[in-house]
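Chain and residue survey
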Amino acid sequence: MKRAISVGSLEGRGVIELENAILLNPSLFPRKVASYEEDSPIDHECGKFSPNIIRSKVLSSIKVVVLSTKINLLMPFGPMAILVDRLFHSHGWVFVFSLLGIIPLAERLGYTTEQLALFTGPAVGGLLYATFGNATELIISIHALKSGLIRLVQQSLLGSILSNLLLQKLTLTYHQADTSVDFGLLLMAVMGLLFPAVLHATQTELEYGKSQLSLSRFTSCIMLVAYASYIVFQFKSQKNLELPVYEDKSFDEDASNDAEAPEISMWESMIWISILTGGISILSEYLVKTIEGASKEFQMPVSFLSVILLPVVGNAAEHVGSVMFAIKDKLDISLAVAVGSSIQISMFMIPFCVVVGWIIGCPMDLNFLPFETTSLFMSVIIVAFMLQNGTSNYFKGIVLILCYLIVSASYFEHIDPMSVGEL
C-alpha cells in the first residue's frame, strides 16, 4: 500500500497507525473501497470510520480531557453558581462558585492548547498557549466593558500582568537577547500607562477629562502596532534564538518528537477549546455581575478581588502550564508562556479593550491611577533585574513570590477612589 504522507509528519504517523490497525483487525473496517487511487489518502482513510469507532473516539477524548485530572472535581461548582444565582440571589456565593468553576475550565483550556501547540513549532505553540491562556481574562474584560465597569477591566488586566511576572519564574535558562526585547516591550507598556496617569494627576491636560482619553486611544493604537511587529519578529527570529538552548541541552529532535506525541488530535483540541471557552464565558458573566455584591458580603475591597483573585483564577492555565513545561524541559515554550503572556496582556489586550470601548462608546483610557501604575512599574523593574543575566533559579523565584505577597497585601488595604462598590 502506498503512503502519500511522509513518516516524519504527524499526519503520516496517523495514517500508518490506521493502516496497521486495518492489517491486524480488518473486521473493524467493513466498508470497502473499489480503488485506492480514485480518492485522496485522507478521504480514503476517513471513509473507513464506522459509528462505533467515532463513538469510541469521542469517549476516549472525554476520558483524556475530562476524567484524567482531579482538578476537574471542581467542575460542578459552575452549574452550582448558576443554580444559586437563580434560587437564592446570593452574590457572594455565586462569585465564589463561579471562581471555583472557572479554575478547571481554565486549566483544561491550557491543556488542550498545549495539545494543539504540539502540532506547531515552539514560536507558534507559545503564542497559542499565551493567547488561549489569556482567553479567560479577555472574556471577563469584554463582559465588564459591556457593563461599563471600566475599573474592573483595568484592575483585572493589571493583576494578570503582575501574577504572570511574579508567580511564573522557575529554574530556567533564557536567551538574554530575547529577554531584553521582552522587557523592553513591558517597559514600553508601563510608559503607555504612566503618561495618561501623570497627565491627569498633574492637571496639565489641554482639555480636562478629554486629553487623557485622546492620548490613551492614540497610545493604544501605537501599542497594537508594536505588538504586531513583535509577533513578526518572533516568527522570523525564533529559530536562531532557540539554538543556544537546544545546544546546551543536547537537543535530539527525533527523541523529542517521540516523547511529545499528542494525546488528542488537532481537531479534537480545537473542538474542546471552543467548548471550554464557551463555559468560561458563561461563568465570567456571573463573576462580573456579582463582584461588587461579593465585596460587600465578604468585606473585601473590590480592588483586591479584581487585581488578586480574578487574575490568579483566570491565569490558572498559564500558572500550571509554565510549571508543566519547565518540568518537561520545554524551556522555549515555558519562556513564551511566562513572559509572553504578560506582553500579550499589556501590549495587546489592554489597548485592544481601549479600542473596543472606543467603538462601543465606553470611554476606557490608560489612566490606571498612580497606585496601580507604580505597582506595575516596580514589578517589571524587579523581574528585569532578576533576569538580567539570562538565568533564573529557585531563590529568585522565592523573592518574586514574596514580592507578590507584598503587592497582594497592598491591594487588600487599598481603597480605589474610582470604584463604586468600595467599602
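Residues numbered from 1 in each chain as written. Predicted model: local features only at pLDDT ≥ 70, side-chain atom pairs only at ≥ 80, totals over all residues. Heavy atoms only, no water.

As a further point, take the nonpolar core. F95, L162, L165, L166, I343, M347 and L376 are the most contacted members of the largest nonpolar core, which totals 69 residues. Beyond its immediate sequence surroundings of up to four residues, L166 is in contact with S379, V383, L400, I401, C403, Y404 and V407. (Core = buried A, V, L, I, M, F, W, Y, C linked by side-chain atoms within 4.5 Å. Buried < 20%, exposed > 50% of the residue type's maximum accessible area, 1.4 Å probe, protein only. Contact = heavy atoms within 4.5 Å.)

This part covers the packing of aromatic side chains. Under the counting rule described, the total for this entry stands at 7 aromatic pairs. Considering the side-chain rings of W93 and F97, the 5.8 Å spacing of their centres and the 40° angle between planes classify their relative orientation as tilted. In this pair, W93 and F97 are both assigned in helix 5 (residues 91-117), 4 residues apart and thus about one turn of the helix distant. Exposure remark for F97: the relative accessible area of 13% places this residue in the buried category. Here the aromatic rings of F371 and Y411 are separated by 5.1 Å at their centres, their planes lie at 85°, and the arrangement is edge-to-face. Of the two residues, F371 sits in helix 16 (residues 369-386) while Y411 sits in helix 17 (residues 394-412), which places them 40 residues apart along the sequence. (Phe/Tyr/Trp six-rings, centres within 6.5 Å; stacked < 30°, edge-to-face > 60°. Helix = DSSP H or I, 4+ residues; strand = E, 2+ residues; numbered from the N terminus.)

Attention now goes to the packing of helix 4 (residues 77-87) against helix 5. Orientation of helix 4 relative to helix 5, taken along the N-to-C sense of each, is 160°, at an axis distance of 7 Å. In terms of orientation, helix 4 lies roughly antiparallel with respect to helix 5. Handedness of the helix 4/helix 5 crossing: left-handed. Between helix 4 and helix 5, the residues in contact are F77, G78, M80, A81, V84 and D85 and W93, V94, F97, S98, L100 and G101, respectively. Grouping the constituent residues of the contact of helix 4 with helix 5 by class yields 8 nonpolar, 3 polar and 1 charged. (Axes fitted to C-alpha atoms, helices over the stretch in contact; angles between N-to-C directions. Parallel < 35°, antiparallel > 145°, perpendicular 65-115°, else oblique. Left-handed = near helix turned anticlockwise from the far one by under 90°. Nonpolar A, V, L, I, M, F, W, Y, C, P; charged D, E, K, R; others polar.)

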